Amino acid sequence: MSLSIIESCVNCWACLPVCPSDAIYDARPHFMIDAGKCTECEGDFAQPQCASICPIEGAILDHFGEAMNPPGSLTGIPPEKLAEAMAEIQAR
Amino acid sequence: MELMVLGQEKNEDKPAGGCSAGSCGSTDDQVNRLPDHIREKVENHPCYSEKAHHYFARMHVAVAPACNIQCHYCNRKYDCANESRPGVVSELLTPAQAVKKTMAVAANIPQMTVLGIAGPGDPLANPERTFETFRELSEKAPDIKLCVSTNGLALPDAVDELAKHNIDHVTITINCVDPEVGAKIYPWIYWNNRRIKGVKAAKILIEQQQKGLEMLVERGILVKVNSVLIPGVNDEHLKEVSRIVKAKGAFLHNVMPLIAEAEHGTFYGVMGQRGPSPEELSDLQDACAGDMNMMRHCRQCRADAVGMLGEDRGEEFTMDKIEDMEIDYAEAMVRRAAVHQSIARALAEEEGRAAPAGINVPATSRPVLMAVATTGSGVINQHFGHAREFLVYEASPAGVRFIGHRKADQYCIGDDTCGEKESALTTTIRALSGCEVVLCSKIGFEPWDELEKAGIRPNGEHAMEPIEEAVAAVYEEMGAAGMLAENAAAAAA
Ligand code: SF4
Ligand code: SF4
């Protein structure tokens, strides 16, 4: 069982030092989790640490492939609002 | 040159500002009242002293990428949480690279006296990287002052380490002292291995900030407080913030405008939260007991800024260029010391120059705001069309005082979105609202016309003259032309 980091990661380093299992490494294009090392923080913390500090919605997935931090959960921006703003900027 | 102290009486009987003894007054008055050891630290720091920033330069290195909180004015897809200006990405450096870069810049720009770490995340959320940089620099380049900016969450734990490295300036961004207000600014914090949201998160952050502030003051470390002015969220509240942080011993409070545009992708940008107008910002700075003058020249530098405030020479010092540079720092230090000495002499000379005689206008004359295009050194020496920011001065019967700076391109995020000449000029004119005169070395016909239409008189007659003297002269001319009567404002506009 392991979490994973996907391409929306911005390489901000926040997750790396808080991982108790030393499972996260600096890679390009984005940071990665070593599935062999990740424990999902079981036995160390109630919540997976990487997903508790990551500022980017959708950058970290659980072992089912679901976003640990779904759209709107961190920024507080309702997804429809964001889509609206993006559409408006594109239209300019 | 001493800036005149204006409106002091007015401020002193204004109880709402709640100023505590010893912190009222304006720029130099405030500096003069600081204890000697603090004044010494402040005097040649370009970020703290309006005078010094004409001569000395500072740089920031981006070594601290991680952050431990989220602010609604920040988008981590871009940059820095600790300022209100998103949308610029810094070149992330390792501590070793940062040390090399700092020494390269110091050797090439001897006026560079201050190295700051401000992000792009929170320096104290990256304590190893931040402290390694400081440790090496205090060893290898002891003539460089060190400073650090933080959101405050990890500050109490870092204070002892900071004190050890002899870091004498810390900036804390404090936007509120009330958790209810804080919940509208900070959606979450990472604290004790959990993500915490809402009022509870804001309460912890505020407690940590205040505790950190107290601990630093106890240890004699200079603390500056930055606040981002967010209209409708913390505008009135900032007066309370100002009162509290000053009472606790922060030596400066700097209020910066929120910059929020949808394209920044920040909460405030997307949700349509507006930033303050230049007047709103200026009014709030006045209302906070009128003693923030020193910081009115703050430029909201990006995390890897290099050079004099307001100019960025980062391009000359990218990592690949630095790798090839040979630096003999011992030799550089001798040169630096000589340059610093001659600047100190120049500053002392300015100081010694007779204060300008009182302005020769009727005592009832109304005050007038004037914008100045300058590249530094205290003189009017910039072409209107080249100015990316303007310094704003207020002239009144009591003298001339520096009010703040206005960015001409404050709302632009790139050449592709604001390349149009007309729109750039329109933006500049909007940024100058409230000013009646703009002083520059030269100006083209087209902007001249547009400015006049907008009620702002361009003036290129004082090129290369000291700013305060020129502003005073223009003010006197206006007086002689009968433009300063109380009711002349409306007529002139
Ligand atoms: S879930 Fe825990 S163990 Fe796994 S990568 Fe994240 S922080 Fe490390
Ligand atoms: S915290 Fe999130 S965005 Fe930052 S490096 Fe880790 S996965 Fe990437």
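Refer to the structure presented above.
Criteria and cut-off values
- Residues numbered from 1 in each chain as written.
- Chains lettered and ligands numbered in written order.
- Predicted model: local features only at pLDDT ≥ 70, side-chain atom pairs only at ≥ 80, totals over all residues.
- Heavy atoms only, no water.
- Helix = DSSP H or I, 4+ residues; strand = E, 2+ residues; numbered from the N terminus.
- Buried < 20%, exposed > 50% of the residue type's maximum accessible area, 1.4 Å probe, protein only.
- Areas by Shrake-Rupley, 256 points an atom, 1.4 Å probe, with all protein chains shown as cover.
- Pairing = 2+ DSSP bridges.
- Axes fitted to C-alpha atoms, helices over the stretch in contact; angles between N-to-C directions.
- Contact = heavy atoms within 4.5 Å.
- Phe/Tyr/Trp six-rings, centres within 6.5 Å; stacked < 30°, edge-to-face > 60°.
- Lys NZ or Arg CZ within 6 Å of the ring centre and 35° of its normal.
- Near = heavy atom within 4 Å.
- Nonpolar A, V, L, I, M, F, W, Y, C, P; charged D, E, K, R; others polar.
- Lys, Arg positive; Asp, Glu negative; His and termini not counted.
- Salt bridge = Lys/Arg side-chain N within 4 Å of Asp/Glu carboxyl O.
- Polar contact = N/O pair within 3.5 Å; in protein donor to acceptor, adjacent residues only side chain to side chain.

Here the focus is the overall build of chain B. Across its full length, chain B holds 18 helices and 15 strands. Expressed as a percentage of its 493 residues, the buried residues of chain B come to 59%. For chain B, the exposed area adds up to about 19,600 Å²; of that, 51% sits on carbon and sulfur atoms.

It is worth spelling out the sheet that holds strand β12 (residues 389-396) of chain B at this point. Strand-to-strand pairing in sheets goes through backbone hydrogen bonds, with the strands running parallel or antiparallel. Residue and element names in this part refer to chain B. Pairing is mixed in the open sheet, where 5 strands are placed in the order β13-β12-β11-β14-β15. Each edge of the open sheet is held by one strand with a lone partner, namely β13 (399-407) and β15 (457-459). Pairs of neighbouring strands in the sheet enclose a mean axial angle of 25 degrees, with direction left out of account. Pairing of strand β11 (residues 368-372) with strand β14 (residues 437-439), which is carried by 3 bridges, proceeds in the parallel orientation. Bridge pairing links Ala 371 to Val 438 in β14. Helix-sheet contacts for helix α17 (residues 467-480) involve β11, β12, β13, β14 and β15, and the interaxial angle to β11 is about 135 degrees.

Per the counting criterion, the structure on display carries 3 aromatic pairs over all chains. A ring pair is formed by Trp 13 of chain A and Phe 31 of chain A, whose centres lie 5.3 Å apart and whose planes are at 80 degrees; its orientation type is edge-to-face. One end of the pair, Trp 13 of chain A, is in the loop between β1 (4-5) and α1 (15-18); the other, Phe 31 of chain A, is in the loop between β2 (24-25) and β3 (32-33), with 18 residues separating them in the sequence. With respect to burial, Trp 13 of chain A and Phe 31 of chain A carry one shared label: buried. The aromatic ring of Trp 13 of chain A is capped on one face by Arg 129 of chain B, whose charged end is 5.0 Å from the ring centroid.

Bringing the pairing of strand β1 (residues 57-60) of chain B into the picture now. Residues and elements named next belong to chain B. Here β1 shows no split at all, with Ala 57 and Met 59 on one side and Arg 58 and His 60 on the other all buried. Looking at chain direction, β1 and strand β3 (residues 112-117) are connected through 4 bridges and run parallel. Of the residues in β3, the one forming a bridge with Arg 58 is Val 114.

Right, let's get into the site of ligand 1. In the neighbourhood of ligand 1, 13 residues make up the surrounding shell, with Cys 19, Ser 21, Cys 38, Cys 41 and Cys 50 of chain A lying closest. Class assignment for the residues of the shell around ligand 1 results in 9 nonpolar, 3 polar and 1 charged.

Our focus in this paragraph is the side chain of Arg 195 of chain B. Within the secondary structure layout, Arg 195 of chain B lies in strand β7 (residues 194-197). With no salt bridge to any partner, buried Arg 195 of chain B finds its closest opposite charge in Glu 57 of chain A, at an N-O distance of 8.6 Å. Polar contacts involving the side chain of Arg 195 of chain B include one to the main-chain carbonyl oxygen of Cys 54 of chain A, which spans 3.0 Å. Of note is the side chain of Arg 195 of chain B, whose polar atom sits 3.5 Å from the side chain of Asn 69 of chain A. When residues no more than four places from it in sequence are discounted, the contact partners of Arg 195 of chain B are Ala 51, Ser 52, Ile 53, Cys 54, Asn 69 and Leu 74 of chain A together with Trp 188 and Ile 189 of chain B.

The next subject is the site of ligand 2. Around ligand 2, the surrounding shell holds 13 residues, and the nearest of these are Cys 9, Val 10, Cys 12, Cys 15 and Cys 54 of chain A. In terms of residue class, the shell around ligand 2 is built from 12 nonpolar, 1 polar and no charged.

The next point concerns the sheet that holds β7 of chain B. Residue and element names in this part refer to chain B. Strand order in the open sheet formed by 3 strands is β2-β6-β7, and the pairing between neighbours is antiparallel. Only two strands of the sheet have a single neighbouring strand rather than two, namely β2 (69-70) and β7. Bridge count between β2 and strand β6 (residues 188-191): 2 bridges; the pairing is antiparallel. If you follow Gln 70 over to β6, its bridge partner there is Trp 188. Contacting β2, β6 and β7, helix α8 (residues 198-218) runs over the sheet at an angle of about 105 degrees to β7.

Right, let's get into the pattern of salt bridges. Residue and element names in this part refer to chain B. Applying the stated criterion to the full structure yields 16 salt bridges over all chains. Lys 203 is the partner of Glu 207 in a salt bridge, and the nearest nitrogen-oxygen pair spans 3.2 Å. In this pair, Glu 207 and Lys 203 are both assigned in helix α8, 4 residues apart and thus about one turn of the helix distant. Here Glu 207 falls in the partly exposed class, since its relative accessible area comes to 44%. Since its relative accessible area comes to 44%, Lys 203 is described here as partly exposed. Residue Glu 436 pairs with Arg 366 through a salt bridge whose shortest N-O separation is 2.7 Å.

That is the geometry; function is a separate question.
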